Amino acid sequence: MPETLRNLIDGRWTEPPPSKTIESVNPARASDVLARAPRSSAAEVDAAVLAARRAFDGWRLTPAPRRGEVLFRAGELLARRKEELGGLVTREMGKVLKEGLGDVQEAVDMAFYMAGEGRRLSGETVPSELPDKDAKSVRVPVGVCALITPWNFPVAIPAWKIFPALVCGNTVVFKPSSLTPACATRLVEVLVEAGLPPGVLNMVHGTGAETGNALVSHPGIDAVSFTGSCDTGEGIEQACGALHRSVSTEMGGKNAIIVMDDADLDLAVEGAVWGGFGTSGQRCTAASRVVVHERVREAFVDKLVGRAKTLRLGDGLDYGTDVGPVVSQEQMNKVLDYIEIGKKEGAKLLCGGQRAMKGPLAEGWFVEPTVFSDVDPNMRIAREEIFGPVVAVIRARDLAHAVEIVNGTKYGLSSAIYTRDVNNSAIAERDLDTGLVYINASTIGAEIQLPFGGTKGSGSGPREAGGRGGALDFFTKWKVIYRDFSGRLQKAQIDRG
Ligand code: UN1
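Scoring rules and cut-offs
- Residues numbered from 1 in each chain as written.
- Predicted model: local features only at pLDDT ≥ 70, side-chain atom pairs only at ≥ 80, totals over all residues.
- Heavy atoms only, no water.
- 1 Å grid on protein atoms, 1.4 Å probe; cavity = no way out; pocket = protein on both sides within 12 Å on 5 of 7 lines; lining within 4 Å.
- Points joined across faces, edges and corners; volume = space filled by probe spheres on them.
- Helix = DSSP H or I, 4+ residues; strand = E, 2+ residues; numbered from the N terminus.
- Nonpolar A, V, L, I, M, F, W, Y, C, P; charged D, E, K, R; others polar.
- Domains from an automatic or database assignment.
- Buried < 20%, exposed > 50% of the residue type's maximum accessible area, 1.4 Å probe, protein only.
- Pairing = 2+ DSSP bridges.
- Contact = heavy atoms within 4.5 Å.
- Expected span 1.5 Å × (residues − 1).
- Phe/Tyr/Trp six-rings, centres within 6.5 Å; stacked < 30°, edge-to-face > 60°.
- Lys NZ or Arg CZ within 6 Å of the ring centre and 35° of its normal.

So, the layout of surface pockets
Phase 1: The calculated volume of the largest pocket comes to roughly 1200 Å³.
Phase 2: Contributing to the lining of the largest pocket are 48 residues, with Trp 151, Gly 228, Ser 229, Thr 232 and Gln 331 lying nearest its centre.
Phase 3: Contributing elements (two or more residues each) for the lining of the largest pocket: β4 (21–25), α7 (208–216), β11 (223–227), α8 (230–242) and α11 (329–345).
Phase 4: Counting residues per element, the lining of the largest pocket draws most heavily on α8, at 6 residues.
Phase 5: Class assignment of the residues belonging to the lining of the largest pocket gives a composition of 19 nonpolar, 19 polar and 10 charged.
Phase 6: Domain assignment of the residues forming the lining of the largest pocket places at least three in each of domain 1 (3–251 + 458–481) and domain 2 (255–439).
Phase 7: Taken as a whole, the second largest pocket holds about 450 Å³ of empty space.
Phase 8: Taken together, 21 residues form the lining of the second largest pocket, with Val 96, Lys 98, Gly 320, Thr 321 and Asp 322 sitting closest to its centre.
Phase 9: At the level of elements, α4 (97–117), α9 (265–277) and α10 (297–310) are the ones that each hand at least two residues to the lining of the second largest pocket.

What follows is the structure, encoded as structure tokens:
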């Protein structure tokens, strides 16, 4: 029996009207319906925003270290339930179990990191130019935050947003992807169990078009953090701009690995396989392009295709599966359409290229790991985000040419270079116009203690995750306080003694 999921509004789990539901389906076996979640309307969104608004003062005035303790307990609970939750990630969105467990681990890491922020959240104290006066800046919460998350990291990405928002003293209305409502529910349950007061975190399930739109345009929202597709993200940026509402978007990429002629080719192949086919290519940071120096192109491509052909497709819960399904039939069709586009554009299909239908694979949404070579940088498969297990190999004359190709798309999330030449690595590090640059490692695998995000069309607003310039810059605003204890009128810039 599919589980019936509920919204969380003001500390109460509310039953959906039974007619308006969305189904959560296992992409490895479409007959396996895990859960039904409500398709929330504007009325439910309104109730959730009002609850968050009412809870704001109490939470804002709770000492930040106490807020951090809730996250610490949440981290412990998540760590204890890692196996169970990791398995649910795999069942609900398809990534292989090791990655499902990694998804949960990323949330554990973020919980502990942000719990510690409860005792930092530091501003600046600086001397005043006047006697008997002090001057400092403090971080204050932004207010009620709308957090809208994707399905590809159904525990980690919600954690990236919810945990910093909470430790900073904000209250939250969370709208998870309609494809992964069960994972979102487990995460929210953990936070409730960890001791979060009612109304501080509210969750409304539903579609982007209905629930997401109602949330983004609700007058009671102060800030919106969104991870997902470009189309939706750009719409949200515009809506928030018109409402003078702060917004942070993370919208994907067309990430590339450069392979130089001095690279360790076997290592580069492993990086391309992991970055291109890990999570079935469904990471914003996936390595969907490999730009190879012409001198090693043939050798590299042979090795890459050889490795791609050994990858075993299957249910991510089965031991021995390398590549799971893509998340839905719609996503599968989109990926297959791109493969057709690549063929028509004249790229050379070297392996894969089809839906995998053998035996039990026919019950799910599987696409064969696909490699195209002879890809021109102007082809659509070299410029547009596919979000599936498709890698485009592009030839470069030298490093400068390779960097130009990598930088030549509208995105700028992640890039990588494989080289043993220290000078090459330094030039790449300097000239690659992406938010993340990896040297001798693939384009995926960002760690939570540094900011995550990209340049250009990959997103806007402050970055996510930790470190200076990370999520705290989005979830707080600066307040500057001058205190004059001289007992007389002192005029800055004028009374110079
Ligand atoms: C994403 O690509 O959608 O850097 C998020 C990584 C993960 C997060 C990726 N830590 O690959």
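Structural notes on the pairing of strand β17 (residues 390–396)
Phase 1: Most of β17 sits inside the fold, with 6 of its 7 residues counted as buried.
Phase 2: Bridge analysis of strand β14 (residues 287–293) against β17 gives 5 bridges, and the strand direction is parallel. Looking at the pairing, Val 290 lines up with Val 393 of β17.
Phase 3: With 3 bridges joining them, strand β16 (residues 370–373) and β17 adopt parallel strand pairing. Paired with Thr 370 across the strands is Val 390, a residue of β17.

Considerations on the environment of Ala 382
Phase 1: Here Ala 382 lies in helix α12 (residues 380–383).
Phase 2: Relative accessible area serves as the criterion here: at 0%, Ala 382 is assigned to the buried category.
Phase 3: Through-space distance from the C-alpha of Ala 382 to that of Val 393 is 8.7 Å; in sequence the pair is 11 residues apart.
Phase 4: Not counting chain neighbours up to four residues away, the residues in contact with Ala 382 comprise Lys 254, Arg 289, Val 375, Asp 376, Pro 377, Ile 394 and Thr 409.

With respect to unusual backbone geometry
Phase 1: In this structure, Phe 387 is a non-glycine residue whose phi angle is positive, near 60°.
Phase 2: A residue is classified by how much of its surface remains accessible, and Phe 387, at 13% relative accessible area, is buried.
Phase 3: Phi is positive for Lys 456, which is not a glycine, with a value near 45°.
Phase 4: By the secondary structure assignment, Lys 456 is in strand β22 (residues 455–456).
Phase 5: Take Lys 456: its relative accessible area is 39%, and that puts it in the partly exposed class.

Section: helix α2 (residues 64–80)
Phase 1: Helix length check: α2, at 17 residues, gives a terminal C-alpha distance of 25 Å against a target of 24 Å (1.5 Å per residue), a fit within 8%.
Phase 2: By the burial criterion, the buried members of α2 are Ala 64, Arg 67, Gly 68, Val 70, Leu 71, Ala 74, Gly 75, Leu 77 and Leu 78.
Phase 3: Summarising the contacts, the buried residues of α2 are in contact with α1 (42–60), α3 (82–93), α4, α5 (156–167) and α6 (181–193).

Points about the packing of aromatic side chains
Phase 1: With the rule as written, the count across this model stands at 4 aromatic pairs.
Phase 2: Ring geometry for Trp 151 versus Phe 387: centroids 5.6 Å apart, planes at 85°, classification edge-to-face. You can see Trp 151 sitting in the loop between β8 (144–148) and α5 and its partner Phe 387 sitting in the loop between α12 and β17, a full 236 residues away along the chain.
Phase 3: Accessibility expressed as a relative area gives 13% for Trp 151, which makes it buried.
Phase 4: Centre to centre, the rings of Phe 474 and Phe 475 are 5.1 Å apart; their planes meet at 75°, and the pair counts as edge-to-face.
Phase 5: Residue Phe 474 is classed as buried on the basis of its relative accessible area of 5%.
Phase 6: Judged by relative accessible area, which is 3%, Phe 475 ranks as buried.
Phase 7: Above the face of the Phe 153 ring, Lys 95 is positioned so that its terminal group lies 3.6 Å from the ring centre.

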